[in-house]
Amino acid sequence: MNTIENFDFKGKKVLIRVDFNVPLNDSFEITDDTRMRKAVPTIKKVIDNGGSAILMSHVGRPKGEVQDKFSLKHIVKHLTELLGVEVKMAPDCIGDKVKQVADNLQQGEVLLLENLRFHAAETKGDFDFSKKLSELADVYINDAFGTAHRAHASTTIVADFFPNAKLFGYIMESELKSLDKVMEDVHKPYTAIIGGSKVSSKITIIENLLTKVDNLIIGGGMAFTFVKANGGNIGNSLVEEDFLEKIPALYELAEKNNAKIHLPVDSLNADKFDKDAHVSLSDIDKIPNDRMGLDIGPKTVDLFKKVISQSKTILWNGPVGVFEFEKFEEGTKAVGLSIAEATKNGAFSLIGGGDSVAAISKFDLTDQVSYVSTGGGALLEYMEGKILPGIAAIKK
Ligand code: AMP
């Protein structure tokens, strides 16, 4: 892997694609600086090693227009505090003035370019725009995993101008190493737990995982499309009628690959989709007509726990119930705890996707799993088995 660890940055100008797409409130205060904090080690590596860092990112969706509310100037002060080095703000991301500031950068200095998406050329992956960005520096680092699935100028096309000096930053390196452990170099038994609301958004992931896993646990709203396809009564539970006919093919794929699909066996039901709903329990395939399943029941918890505890590799994406409602959080919490327990016993566990990350954070288990991916869309595409352009651009 082309990583930064052993690269000599002394005297080099280094263009780093970071992910500073942080949420800001109406007073332009950063409400969650996680992404900025995560980027610090890569930037520090470059400047402590005698290089100068030219940082580029997007914020929000300005759609090719300069808009003050999307300016990266709002984050300069906080970045300066995080790095302990004064960060200079560029007036744009390309152009003569920016080139001049970049040329005058000294070792150890940091320059932050203005929002890349003030130029429509960024998301179009425009060649000339990419070339202009590349002319600012000697080395290119991509450390923005969250945008690695986009063939944008700053994430992909620009890499071609650095044939011998393009590298993955620390965030990218750890994402790729961890994802490799659930996609390529897998220790068996391997269990994937896929939950969330819809089968439709994850069917390609399920198909890809069925060629790799020993166990596929299905939970959450999407389980009911499976249960109904198998002839069960699911009451008012979430279902995607269009996908009923696709379920048998998934079972065939599982059989072909010696993978077992585990569905819930019981269901915690509600009379309405509400945190104060009346709660009752039933078998998964005997849900009364006026009830909807919002969490897995205790027998399912035991079943899933058993499968998880016997696994050496665990991937979790998507909650197994409406964990946002206290009455329906137990199943998701139990899955999180089982994964933590298995991890303690030596399994490798990777948690990915907004809602499962939010869930383990809600139950304070973040430090008890092996890796939490920040990927979002990039992670989902990676799990679908796609080659991400931002990753391919560095590797080729
Ligand atoms: P997704 O974005 O597809 O990963 O879905 C995540 C959402 O699925 C969460 O907000 C959960 O509340 C929701 N969810 C989980 N289980 C159920 C269920 N049984 N019925 C409806 N929604 C659910």
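What counts and how
- Per-chain numbering applies: the sequence of each chain, read as written, is numbered from 1 onward.
- Since the coordinates come from a predicted model, pLDDT governs what is reported: local features require at least 70, and pairs of side-chain atoms require 80 or more to be given and counted, while whole-chain, interface and lining totals use all residues.
- Hydrogens are left out, water is left out, and the side-chain values use all remaining heavy atoms of the structure.
- Only protein chains enter the calculation, and the probe is 1.4 Å; a residue is then buried if its accessible area is under 20% of its type maximum, exposed if over 50%, and partly exposed in between.
- Only runs of H or I of at least four residues qualify as helices and only runs of E of at least two qualify as strands under DSSP, and these elements are numbered from the N terminus.
- Relevant arc is that of directions from the helix axis to the C-beta atoms, nothing else.
- We call two residues in contact when some of their heavy atoms are within 4.5 Å.
- When DSSP finds at least two bridges between two strands, those strands are taken to pair.
- To obtain an axis, a line is fitted to C-alpha atoms, over the contacting stretch when the element is a helix, and the angle between two such axes runs from 0 to 180 degrees between their N-to-C directions.
- When at least one non-hydrogen atom of a residue lies within 4 Å of a molecule or strand, that residue is treated as near it.
- Throughout this description, a polar contact denotes any pair of N or O atoms lying within 3.5 Å of each other; where both atoms belong to protein, one of them has to be capable of donating a hydrogen while the other can accept it, and for residues adjacent in sequence the pair is counted only when both atoms sit in side chains.
- Areas reported as accessible are Shrake-Rupley estimates using a 1.4 Å probe. Residue values count occlusion only from the protein chains shown.
- Residues are grouped as follows: nonpolar covers Ala, Val, Leu, Ile, Met, Phe, Trp, Tyr, Cys and Pro; charged covers Asp, Glu, Lys and Arg; every other residue, Gly included, is treated as polar.

**Student:** So what exactly am I meant to see when it comes to helix 2 (residues 76–83) here?
**Tutor:** Turn by turn, an α-helix covers 3.6 residues, leaving residues three or four places apart pointing in a common direction. Among the residues of helix 2, Val76, Leu79 and Leu83 are the ones counted as buried. For helix 2, the arc enclosing every buried residue in end-on projection is 60 degrees, short of the 170-degree limit, so these residues lie on one face. Helix 2 presents Lys77 and Glu81 as exposed residues on the side facing more than 90 degrees away from its buried surface. Residues of helix 2 that are buried make contact with helix 1 (34–48), strand 2 (52–56), strand 3 (87–89) and strand 4 (110–112). Following helix 2 by one or two positions, Gly84 adopts a phi angle in the positive range, close to 70 degrees.

**Student:** Mind showing me how you'd approach the sheet that holds strand 5 (residues 139–142) here?
**Tutor:** Picture the strands of a sheet paired through backbone hydrogen bonds; they go either parallel or antiparallel. Taken together, the six strands give an open sheet; going across it, the order is 3-4-2-1-5-6, and neighbouring strands pair in parallel fashion. The open sheet has two free edges, formed respectively by strand 3 and strand 6 (166–168), since each of these has just one partner strand. Strand-to-strand, the axes of this sheet are offset by a mean angle of 25 degrees, without reference to chain direction. Where strand 3 meets strand 4, three bridges bridge the pair, whose relative direction is parallel. Looking at strand 4, one finds that Met89 is bridged to Leu112. In the packing of helix 1 onto the sheet, contacts are made with strand 1 (13–17), strand 2, strand 4 and strand 5, and the angle to strand 2 comes to roughly 150 degrees. Contacts from helix 2 reach strand 2, strand 3 and strand 4 within the one sheet, and its direction differs from that of strand 3 by about 160 degrees.

**Student:** Help me out: how do you make sense of the site of the ligand in this one?
**Tutor:** Neighbouring the ligand are 15 residues; Ser197, Lys202, Gly293, Glu324 and Asp355 lie closest to it. At 3.0 Å, a backbone N or O of Ser197 approaches an oxygen atom of the ligand. Gly293 is positioned such that a nitrogen or oxygen atom in its backbone is 3.0 Å from a nitrogen atom of the ligand. When the ligand is considered free in solution it has 500 Å² of accessible area, and contact with the protein chains removes 81% of it. Considered class by class, the residues forming the shell around the ligand number five nonpolar, six polar and four charged.

Everything listed is a geometric property; what it means functionally is a separate question.
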